[in-house]
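What follows is each chain in one-letter form.
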Amino acid sequence: MNINTQKIALITGVTGQDGSYLVELLLEKGYMVHGIKRRASSFNTQRLDHLYVDQHESQVNFKLHYGDLTDSTNLIRIIQETKPDEIYNLGAMSHVKVSFDSPEYVANVDGIGTLRILEAIRILGLEKKTRIYQASTSELYGGLPENKNKYGFYDEKSPFYPRSPYAVAKIYGFWITKNYREAYNIFACNGILFNHESPRRGETFVTRKITMGVSQIALGLQNQLYLGNLDAQRDWGHAKDYVKAMWLILQQENPDDYVIATGKTIKVRDFVIMAFNYVGFDIKFVGHGVNEVGILEKINLDKFEKSTGVDFRNIEHVSEVGDVLLKIDPKYFRPTEVDILIGDPTKSKTDLGWEPSYDINDLVVDMMSSDIELFKKNNFSLFK
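Just so it is clear, the model here is predicted, and its values are computed rather than measured.

Things to note about helix α8 (residues 268-278)
Here's step 1: Taken together, the buried positions of α8 are occupied by Val268, Arg269, Phe271, Val272, Ala275, Phe276 and Tyr278.
Here's step 2: At the C-terminal side of α8, glycine 280 shows a positive phi close to 85°.

A few points about the packing of aromatic side chains
Here's step 1: Applying the stated criterion across every chain, the model contains 13 aromatic pairs.
Here's step 2: Judged by centre distance (5.4 Å) and plane angle (55°), the rings of tyrosine 141 and phenylalanine 160 are tilted. Here the residue tyrosine 141 occupies a position in the loop between β5 (131-137) and α5 (165-184), and phenylalanine 160 occupies one in the loop between β5 and α5, the gap between them amounting to 19 residues. Assigned by exposure class, tyrosine 141 and phenylalanine 160 land together as buried.
Here's step 3: Ring geometry for phenylalanine 281 against phenylalanine 304: centres 6.1 Å apart, planes inclined by 15°, an arrangement best described as stacked. Placement of the pair is phenylalanine 281 in strand β13 (residues 281-286) and phenylalanine 304 in helix α9 (residues 301-308), with a sequence separation of 23 residues. When sorted by exposure, phenylalanine 281 lands in the same class as phenylalanine 304, which is buried.
Here's step 4: What links up through ring pairs into an aromatic cluster is the set Tyr141, Tyr154, Phe160, Phe174, Trp175 and Phe194.
Here's step 5: Sitting over the face of the ring of tyrosine 258, lysine 347 holds its NZ or CZ atom 4.9 Å from the ring centroid.

Details of the side chain of arginine 234
Here's step 1: By secondary structure assignment, the location of arginine 234 is in strand β9 (residues 233-234).
Here's step 2: Other than its neighbours up to four places away in sequence, arginine 234 contacts Glu139, Asn195, Lys264, Thr265, Ile266, Arg334, Glu337, Val338, Asp339, Ile340 and Leu341.

A few points about the nonpolar core
Here's step 1: Counting residues in hydrophobic clusters, the biggest one holds 39 residues, and the most contacted among them are Ile210, Phe271, Val272, Val279 and Phe281.
Here's step 2: Within the residue set of this core, elements represented by two or more residues are α6 (206-218), β8 (225-227), α8, β13, β14 (293-299), β15 (324-328) and α11 (360-378).
Here's step 3: Broken down by element, the residue count for this core peaks at seven residues, all from α11.
Here's step 4: Setting aside its immediate chain neighbours within four residues, phenylalanine 271 contacts Thr207, Ile210, Thr211, Trp236, Ile266, Ile360, Leu363, Val364 and Met367.
Here's step 5: If you look at the next biggest cluster of nonpolar residues, it comprises 33 residues, including Leu22, Ile249, Tyr258 and Ile260.

Quick word on helix α1 (residues 17-28)
Here's step 1: The terminal C-alpha atoms of α1, which comprises 12 residues, lie 17 Å apart, in line with the 16 Å expected from a rise of 1.5 Å per residue.
Here's step 2: Taken across its 12 residues, α1 has 10 buried, putting it largely inside the fold.
Here's step 3: For α1, the full list of buried residues reads Gln17, Asp18, Gly19, Ser20, Tyr21, Leu22, Val23, Glu24, Leu25 and Leu26.

Considering the pattern of salt bridges
Here's step 1: Using the criterion set out here, one finds 16 salt bridges in the structure.
Here's step 2: We note a salt bridge from arginine 77 to glutamate 81, for which the minimum N-O separation is 3.4 Å. Note that arginine 77 and glutamate 81 are positioned in helix α2 (residues 72-82) at a spacing of four residues, about one turn of the helix.
Here's step 3: For arginine 77, a relative accessible area of 36% corresponds to the partly exposed category.
Here's step 4: Overlapping salt bridges, with partners in common, bring together Asp231, Lys267, Arg269 and Glu292 in one network.

Some thoughts on the side chain of glutamine 252
Here's step 1: Inspection of the secondary structure assignment puts glutamine 252 in the loop between α7 (239-249) and β11 (258-260).
Here's step 2: You can call glutamine 252 buried: its relative accessible area is 18%.
Here's step 3: At a separation of 2.8 Å, a polar atom in the side chain of glutamine 252 contacts the main-chain carbonyl oxygen of leucine 248.
Here's step 4: Sequence-distant contacts of glutamine 252, defined by excluding residues within four places in its chain, comprise Arg131, Phe187, Tyr258, Asp351 and Leu352.

Digging into the environment of lysine 327
Here's step 1: Positionally, lysine 327 belongs in strand β15.
Here's step 2: In the structure, lysine 327 is positioned 23 residues away from phenylalanine 304 in sequence and 22 Å away in space, judged by C-alpha atoms.
Here's step 3: The contact partners of lysine 327, leaving out residues within four places of it in the chain, are Gln224, Leu225, Tyr226, Leu227, Glu292 and Val293.

Quick word on unusual backbone geometry
Here's step 1: The phi dihedral of lysine 83 is positive, around 45°, even though this residue is not glycine.
Here's step 2: Overall, the relative accessible area of 44% leaves lysine 83 in the partly exposed class.
Here's step 3: For asparagine 185, which is not glycine, the phi torsion reads 60° and is therefore positive.

Conventions adopted
Residues numbered from 1 in each chain as written. Predicted model: local features only at pLDDT ≥ 70, side-chain atom pairs only at ≥ 80, totals over all residues. Heavy atoms only, no water. Buried < 20%, exposed > 50% of the residue type's maximum accessible area, 1.4 Å probe, protein only. Helix = DSSP H or I, 4+ residues; strand = E, 2+ residues; numbered from the N terminus. Phe/Tyr/Trp six-rings, centres within 6.5 Å; stacked < 30°, edge-to-face > 60°. Lys NZ or Arg CZ within 6 Å of the ring centre and 35° of its normal. Contact = heavy atoms within 4.5 Å. Core = buried A, V, L, I, M, F, W, Y, C linked by side-chain atoms within 4.5 Å. Expected span 1.5 Å × (residues − 1). Salt bridge = Lys/Arg side-chain N within 4 Å of Asp/Glu carboxyl O. Polar contact = N/O pair within 3.5 Å; in protein donor to acceptor, adjacent residues only side chain to side chain.

Pasting the structure below:
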């Protein structure tokens, strides 16, 4: 590609789940991609290692810069040096439960961090050149039933009612993005993304916690899985699909805000059942509230061996019918719980032409197969 016509993108939060998939997508489309990563004493680029090339090579289309959303001068310098056509602000402290423990930090990064990027664009006079995507969240809605539209979904016009420090910080990010769009005519957009997962999801998020826990239980590496609210319902999609929506949002003629969702929801409990079912384990739930447990009811050996590639007889600490494989730990409950989130993707499908290619079954299979292989690799001596 001619270097003069090559588009330039800058991604904050590049080392995260969404950042890594977005880098892949943009490189495929011929972009020059710059990513901002925080300095750490250990490497935290595992999701990007397959994309990174020696910076001494010619035609390098992916570069990393040290930076932080809490440092405005650093952001201004990076944006001034890279002069991006598109900025994707994916950087955030995005764990809802943890946000209750560090609310000030979340406000600084997720809220004011967004302002720092917008101000950098204004200060540098890039209003006409640079388009900005702000990663917003379904947590803005707070799960209140009265805020849904007439079809029972949350859409772009549904009122917000944030119920965590994370959501409160993100609501500032949403409105300051909208304000700078209107005040300074910046092409700045919010993508209100509902839950999106993948094998690259952080290990403390509930879906990944489930697939990792179930994989280890199946392989005899762990006895039980501990979770919080099994009745919480979420609209879960695949991160690969959602980064495509991010890109599409910045390719439109006019800036706008979009809900990105599947329009379908299941309970955490159902995700657990599907994950165990992948390895041939049928579990039943007995008890109520904090006393509820998941008990192994049946094992399909053919399904187990097909999904794991391991002979069940070779599992050292094998699970048996009647074993309690799941328990509730109240410490995982949130102070203010959002019980159900389900998005209306009508606008994104109509205006962007966006359609998810993964359904919930595909998502579980992708995550479970990946984690099974991960733990087999990490315990090679047991499964060689």
